[in-house]
Amino acid sequence: MSEQTTTGTEPGREPGPEAEPVPGPTAGPAPQTPAGPEDAAAAASCDAPAPEAAPIAPKDRRRLFAALRWTAAVAVFATVGAGVAYGITRPDRTDVPGLSTEDDGRWTFPPLSQPALPAGAPLAQGPDNKDETHYAQLTGLLLPAPEGAKADDAVKADKDGSVSADVFLEEYAPDVREKLKQSLEWDGLRQITGRGWTMPDGTRTHVYLLRFHASGFVDAFKGCDTNARLNGVSALELDDVWTGVKSTQNAIVPLRFPGSGMAGESEVSVYQEVKPVLGDEQTKVGCLQSGDVLGMVIQTRKGEVAPVPFHQTVILQSQLLS
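Description of the structure in this document. (Residues numbered from 1 in each chain as written. Predicted model: local features only at pLDDT ≥ 70, side-chain atom pairs only at ≥ 80, totals over all residues. Heavy atoms only, no water.)

Quick look at the pattern of salt bridges
Definition in use: Salt bridges, as used here, are contacts in which a Lys or Arg side-chain nitrogen is within 4 Å of a carboxyl oxygen on Asp or Glu. A run of DSSP states H or I qualifies as a helix once it reaches four residues; a run of E qualifies as a strand once it reaches two. Both are numbered from the N-terminal end. Partly exposed residues are those whose accessible area sits between 20% and 50% of the maximum for their type, while under 20% is buried and over 50% is exposed, using a 1.4 Å probe and protein chains only.
All told, the structure shown has seven salt bridges when counted by the stated rule. Across the salt bridge formed by Arg-229 and Asp-175, the nearest N and O atoms sit 2.9 Å from each other. Within this pair, whereas Arg-229 is found in the loop between α5 (215-220) and β4 (236-238), its partner Asp-175 is found in the loop between α3 (165-169) and α4 (177-186), the two being separated by 54 residues in sequence. Looking at Arg-229, the relative accessible area reads 44%, which means it is partly exposed.

Quick look at the structure:
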């Protein structure tokens, strides 16, 4: 008998429940925990497509481009401006193209500062000092010598800077000294201080400050005007350069700087030796009246006194007195 293959149960065995297959790993999705309302909203927002950006109107686009251009221009100008400012402050003025200044012969003086006043003393030009009395030390108001100068021993000063009347009067012709000395004694002279120096080009400068008991005595002294008879000088006249510049500036705007000759400041008069001069040297004189002090600048040079350093010296001394 041939074997028969059946798909049923074996003969003689009762049919029973089939064995359940053993579950193995599956590739299906993992079980998820129930999502809350917040998670659901987040999932919805992630799944939703992002809204497209609204197009920029042509008018707004032009404004944006203009703002960008101006921002770039400001940045460029700020950078260039900072570089130019740095370049001007660093080198000397004569080294900067377009800003070079030719040497006009002026001298280099040390920094000037007025001396300290005694406690409670008013300024010479202060509103509470009607007589314009100088209470500071007279030597502190005297202009210092510029750089490169050598001391001139002709101005013989004491250790405290004071100069005797006889030394000062050596600036005048011998036949007028006695009369001027008597005038100084009668006109309330209190003190004279002075300084002299010589520059490399041969220019000699003598500066004197004469302090009187009051401003009225300064007017009485006749040793600093066109009639002054200085030693070796034929005659004096107004300085033509100073007078010309002053008249031009007065026509434009009133002068208000120290040394301009305005009321309440140093009254300045500048004279020069009349040409032709006696000998080979010219002399120029600056007379500065400030309250109870008379300042006198005498400058002499072979040939002709240069106007720039002379006027510079007069103005600086006037500023110290003011």
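Next, the rest of the story.
Some points on the state of the cysteines
Formally: Cysteine sulfur atoms are paired as a disulfide whenever they come within 2.5 Å of each other.
One pass over the structure, following the stated rule, counts one disulfide. In this model, Cys-224 is linked to Cys-287 through a disulfide, with the two sulfur atoms separated by 1.7 Å. The chirality of the disulfide connecting Cys-224 with Cys-287 is left-handed, given an S-S dihedral of about -90°. Taken together, the residues span a long stretch of sequence, with Cys-224 in the loop between α5 and β4 and Cys-287 in strand β6 (residues 281-290) at a distance of 63 residues. Across the pair, exposure class does not vary: Cys-224 and Cys-287 are buried alike.

Considering unusual backbone geometry
Its identity is not glycine, yet Glu-132 carries a phi of approximately 55°, on the positive side. With respect to the secondary-structure elements, Glu-132 resides in the loop between α2 (58-89) and β1 (150-151).

Digging into α4
Just so we agree on the cut-off: Here, the arc refers to the directions that run from the helix axis to the C-beta atoms. Note on definitions: a residue-residue contact is assigned when non-hydrogen atoms from the two residues lie within 4.5 Å.
Considered for burial, the residues of α4 that qualify are Leu-180, Ser-183 and Leu-184. Down the axis of α4, the buried set is contained in an arc of 100°. They therefore lie on one face. In this structure, α4 carries Glu-178, Lys-179, Glu-185 and Trp-186 as exposed residues pointing more than 90 degrees from its buried face. Along its buried surface, α4 packs onto α3, β2 (189-198) and β3 (204-212). Directly after α4, the chain includes Gly-188, whose backbone phi takes a positive value near 75°.

Some words on the pairing of strand β7 (residues 293-302)
For a regular strand, side chains alternate in direction, first toward one face of the sheet and then toward the other. Formally: Criterion used throughout: strands pair if DSSP finds at least two bridges between them.
Most of β7 is tucked away, with eight of its ten residues classed as buried. In the sheet, β3 pairs with β7 via eight bridges, with the strands oriented antiparallel. What sits directly across from Leu-209, in β7, is Gly-295. Direction of pairing for β6 relative to β7: antiparallel, over a ladder of ten bridges.

Topic: the nonpolar core
Counted only if it meets this: Residues belong to one nonpolar core when they are buried, are Ala, Val, Leu, Ile, Met, Phe, Trp, Tyr or Cys, and are joined through side-chain atoms within 4.5 Å.
Counting residues in hydrophobic clusters, the biggest one holds 27 residues, and the most contacted among them are Phe-168, Tyr-172, Tyr-208, Leu-210, Phe-221 and Met-296. Among the secondary structure elements, those contributing two or more residues to this core are α3, α4, β3, β6 and β7. Aside from chain neighbours lying at most four places away, what touches Tyr-208 is Val-155, Val-163, Val-167, Phe-168, Glu-171, Ile-192, Thr-193, Gly-194, Leu-294, Gly-295, Met-296 and Ile-298.

Concerning the sheet that holds β6
Defined as follows: Structural elements are reduced to axes, namely lines fitted to C-alpha atoms, with helices fitted over the stretch in contact, and the angle between N-to-C directions of any two is expressed from 0 to 180 degrees.
Pairing is antiparallel in the open sheet, where seven strands are placed in the order β1-β2-β3-β7-β6-β5-β4. If you trace the sheet from one side to the other, it starts and ends with β1 and β4, each paired once. In this sheet, β6 lies alongside strand β5 (residues 267-273) in antiparallel orientation, the contact comprising six bridges. Residue Tyr-271 lies in a different strand from β6, and its bridge partner there is Val-285. Strand contacts of helix α7 (residues 307-321): β2, β3, β5, β6 and β7, with the helix running at about 20° to β6, the strand carrying the most contacts.

With respect to the packing of aromatic side chains
Test applied: Classification of ring pairs uses Phe, Tyr and Trp, with its six-membered ring standing for Trp, and accepts pairs whose centres are within 6.5 Å; under 30 degrees between planes counts as stacked, over 60 as edge-to-face, and the remaining range as tilted.
Taken as a whole, this structure holds five aromatic pairs when the rule is applied. Seen from their ring centres, Trp-107 and Phe-109 are 6.4 Å apart, and the 45° between their planes marks the pair as tilted. Of the two residues, Trp-107 and Phe-109, both sit in the buried class. Taken together, a centroid distance of 5.0 Å and an interplanar angle of 75° make the contact between Phe-168 and Tyr-208 edge-to-face. Note that Phe-168 is positioned in helix α3 and Tyr-208 in strand β3, a separation of 40 residues in sequence.

Here we look at α7
This is how the line gets drawn: Working rule for helices: expected span equals 1.5 Å times residues minus one.
Given a rise of 1.5 Å per residue, 15 residues ought to cover 21 Å, and the 21 Å separating the end C-alpha atoms of α7 matches this to within 8%. Most of α7 sits inside the fold, with eleven of its 15 residues counted as buried. Taken together, the buried positions of α7 are Pro-309, Phe-310, His-311, Gln-312, Thr-313, Val-314, Leu-316, Gln-317, Ser-318, Leu-320 and Leu-321.

Concerning the pairing of β3
Where burial is concerned, most of β3 is hidden: eight out of the nine residues are buried. With nine bridges connecting them, β2 and β3 associate as antiparallel partners. Residue Gly-194 lies in a different strand from β3, and its bridge partner there is Tyr-208.

Observations regarding the environment of Gln-125
Short version of the rule: Within 3.5 Å is the distance limit for a polar contact, defined as a pair of N or O atoms, with the added protein rule that one can donate a hydrogen and the other accept it, and that residues adjacent in sequence qualify only through two side-chain atoms.
Positionally, Gln-125 belongs in the loop between α2 and β1. When the C-alpha atoms of Gln-125 and Ser-290 are compared, they prove to be 8.8 Å apart, with 165 residues separating the residues in sequence. Separated by 3.3 Å, the side chains of Gln-125 and Ser-290 make a polar contact.

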